[in-house]
Amino acid sequence: MALDDLRKDSSIVITKPDKGNGVVIVNRHDYLNKMKQLISDGTKFKLLSNNPTKSRENSLISYLRNLKRDGIIDGATYSKILPCGSTAGVLYGLPKVHKTGCPFRPIVSSVNTYNYNLASFLVNVLKPISTNQFTIKDSFTFVDWVKAHQHNNEIMCSFDVCSLFTNVPLDETIEICLAKLYALPDPPSLPRHVLKDLLLFATKKSHFVFDGDYYDQIDGVAMGSPLGPVLANIFMCNFEEKWVANVDSRPSIWFRYVDDTFALFDNVASATKFLQYLNSRHPNINFTIEFEENHEIPFLDVRIKRNLNTFTTTVHRKTTFTGLYTKWDSFTPRKYKINLIRTLTYRCLRICSSSSLLQLALFDLKKTLLQNGYPRGVLCYNINHVLNRQNNKFADETSPFLAVKLSFRVHLKKYIIIKEALSFNFCLQASFPLIV
């Protein structure tokens, strides 16, 4: 009854935090004021006099019909992109509770917008130019490199692009896309002018509703659009190829995941100088920097520690981590909860670089899931299932018959780590009786 009354209270907004799981209750007046302040930037957003959804849907349908009639797209592509019964995007804000003043991150829910299917189609067209030698696919790819790399006593730091999505210059990025795509050995089958029109439909002709008013986002890319991360990556790839790849003062290592970058420099002074250099390259792009503390630094969900000439890695939990996962007694299919245990266990296994770090990570994982109501027996069984499966996999990979193709030393080390973790995990309940 109390929760129902809370939900009906029109003076508050109930949402989730920008990072991590949890529930945030915000004063509605403060929420509206902060969000309207964000969209009052006339260089990024434009207030509309009416809802343009129907007219824009009809305009896109007409354009697609002409493309199909002229044989530029086939029937399957036409059906995939064609909008029907569209609605305006919906803007909402997620509070950054870990930052002073609790600013909001603007997100546009783009599902069922008139250009959502088009944006999803264009993602696959743009993917070939959305990576370069500096981009990393995920934290597992990064960890694989870290474990194999030997450093020269360089310092670690991370660079972050401030508000990348809203600062991506759309016109410039669209031209970058076209120039790169049609320079490929296998360029898109769509004529250049058609692809440009479709990109404009999917980006500059996007609108959303907030508090009853309709707006256009006239620059930057919306978080919530399928095209957002791809266009941000394409722009940053071009930025790096232009300003990072060939400069003498560049770091020895520069790995980027969207707007977060891990770098190695000889000293703090050279890193600071490089930061100043980057921030003077483009008016829309401003980096911040974070240096290692006690030879450690977090990057993505990995905590890296610099040792004598190697690195160790373990699972990193941000300050916003609340320990909340899908509750065991929630109305959720059991298979999803089992997959949660196995996925988190596999994550620990892939990220941790030693048996002792893996043991600690598994202990923390088990403790957290116990607090979410997961039965001890279910946890032990599924953690052991993942470890046993990986143990058998690496045992096979380290057989003499595969030694020619695989690094025996690396796989043997992982095999030993898993074996020790298995021994640890089987006696977890006995070793840590305080977990109940």
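Whatever comes next refers back to the structure up there.
Criteria and cut-off values
Residues numbered from 1 in each chain as written. Predicted model: local features only at pLDDT ≥ 70, side-chain atom pairs only at ≥ 80, totals over all residues. Heavy atoms only, no water. Helix = DSSP H or I, 4+ residues; strand = E, 2+ residues; numbered from the N terminus. Buried < 20%, exposed > 50% of the residue type's maximum accessible area, 1.4 Å probe, protein only. Contact = heavy atoms within 4.5 Å. Areas by Shrake-Rupley, 256 points an atom, 1.4 Å probe, with all protein chains shown as cover. Pairing = 2+ DSSP bridges. Axes fitted to C-alpha atoms, helices over the stretch in contact; angles between N-to-C directions. Core = buried A, V, L, I, M, F, W, Y, C linked by side-chain atoms within 4.5 Å. Salt bridge = Lys/Arg side-chain N within 4 Å of Asp/Glu carboxyl O. Phe/Tyr/Trp six-rings, centres within 6.5 Å; stacked < 30°, edge-to-face > 60°. Lys NZ or Arg CZ within 6 Å of the ring centre and 35° of its normal. Polar contact = N/O pair within 3.5 Å; in protein donor to acceptor, adjacent residues only side chain to side chain.

**Details of the overall build of the protein**
1) Next: Each helix and strand in the protein was counted, giving 16 helices and 14 strands.
2) Next: Classification of the 436 residues of the protein by burial places 46% in the buried group.
3) Next: In the protein, 71% of the contacts between residues at least 6 apart in sequence involve partners at least 24 apart.
4) Next: Within the structure as shown, the protein displays about 22500 Å² of accessible surface, and the carbon and sulfur contribution to it stands at 54%.

**Focus on the sheet that holds strand β11 (residues 287-291)**
1) Next: Pairing within the open sheet is antiparallel, and its 4 strands lie in the order β9-β10-β6-β11. Edge strands, defined here as strands with exactly one partner in the open sheet, are β9 (253-257) and β11. Going across the sheet, the axis of each strand differs from the next one's by a mean of 20°, ignoring polarity.
2) Next: Judged from the 5 bridges that link them, β9 and strand β10 (residues 260-265) form a sheet pairing that is antiparallel. Within β10, the position partnered with Y257 by the bridge is D260.
3) Next: Across the face of the sheet, helix α11 (residues 268-278) comes into contact with β6 (155-161), β9, β10 and β11 while running at roughly 165° to β11.

**Quick word on the nonpolar core**
1) Next: Counting 60 residues, the largest nonpolar core has F159 and F287 as the members making the most contacts within it.
2) Next: Membership of the second largest hydrophobic core comes to 36 residues, among which are M156, I253, C352 and A361.

**A look at the pattern of salt bridges**
1) Next: Counting across every chain of the model gives 13 salt bridges.
2) Next: Salt-bridge contacts for E57 lead to K54; the nearest nitrogen and oxygen are separated by 3.6 Å. Residue E57 and its partner K54 are located together in helix α3 (residues 53-69), separated by 3 residues, close to a single helical turn.
3) Next: The salt bridge involving K196 is made with E175; its shortest N-O contact spans 3.1 Å. In this pair, K196 is assigned in helix α9 (residues 192-202) and E175 in helix α8 (residues 170-181), connecting sequence segments 21 residues apart.

**A word on the sheet that holds strand β8 (residues 213-217)**
1) Next: Across the sheet, which stays open at both edges, the 5 strands sit in the order β3-β8-β7-β4-β5 with mixed pairing between neighbours. Strands at the two margins of the open sheet, each flanked by one partner only, are β3 (45-48) and β5 (104-109). Across this sheet, the average inter-strand angle for adjacent strands is 40°, counted without regard to direction.
2) Next: Pairing analysis gives 2 bridges linking strand β4 (residues 89-95) to strand β7 (residues 207-210), with the strands arranged parallel. Among the inter-strand pairings, V90 is bridged to a residue of β7, identified as V209.

**What to know about the packing of aromatic side chains**
1) Next: Tallied over the full model, the rule gives 24 aromatic pairs.
2) Next: Summarising the aromatic geometry, the rings of Y31 and F104 are spaced 5.3 Å apart at their centres and angled 80° between planes, so their arrangement reads as edge-to-face. Of this pair, Y31 sits in helix α2 (residues 28-38) while F104 sits in strand β5, and the two are 73 residues apart along the sequence.
3) Next: Exposure remark for F104: the relative accessible area of 5% places this residue in the buried category.
4) Next: Residues F142 and F262 carry aromatic rings whose centres are separated by 5.1 Å and whose planes lie at 70° to one another, so their mutual orientation is edge-to-face. Placement of F142 in helix α6 (residues 139-148) and of F262 in strand β10 is noted, with a sequence separation of 120 residues between them. Comparing F142 with F262, the two get one shared label, buried.
5) Next: Here the aromatic cluster, defined as three or more aromatic residues joined through ring pairs, consists of F159, F239, W254, F265, F274, Y277 and F287.
6) Next: In this structure, R281 is placed above the aromatic ring of W243, and the distance from its NZ or CZ to the ring centre is 5.1 Å.
7) Next: Directly above the ring of W328 sits K337, whose terminal nitrogen or CZ lies 5.5 Å from the centroid.

**As for unusual backbone geometry**
1) Next: Look at H295: it is not a glycine, yet its phi comes out positive at around 65°.
2) Next: Locating H295 in the fold gives a position in the loop between β11 and β12 (296-299).
3) Next: Not every positive phi belongs to a glycine, and L300 is a case in point at roughly 55°.
4) Next: Mapped onto the secondary structure, L300 falls in the loop between β12 and β13 (302-306).

**Structural notes on the pairing of β9**
1) Next: Burial runs high along β9: 4 of the 5 residues are buried.
2) Next: The loop that links β9 with its antiparallel partner β10 comprises 2 residues; one of these, V258, has a positive phi angle of about 55°.

**Looking at the side chain of N132**
1) Next: Looking at the secondary structure, you find N132 in the loop between α5 (116-126) and α6.
2) Next: Exposure remark for N132: the relative accessible area of 14% places this residue in the buried category.
3) Next: A polar atom in the side chain of N132 sits 2.8 Å from the backbone nitrogen of F134.
4) Next: A polar contact of 3.2 Å, which involves the side chain of N132, links it to the side chain of E240.
5) Next: Not counting the four nearest positions on each side in its chain, N132 is found in contact with C237, E240, E241 and R256.

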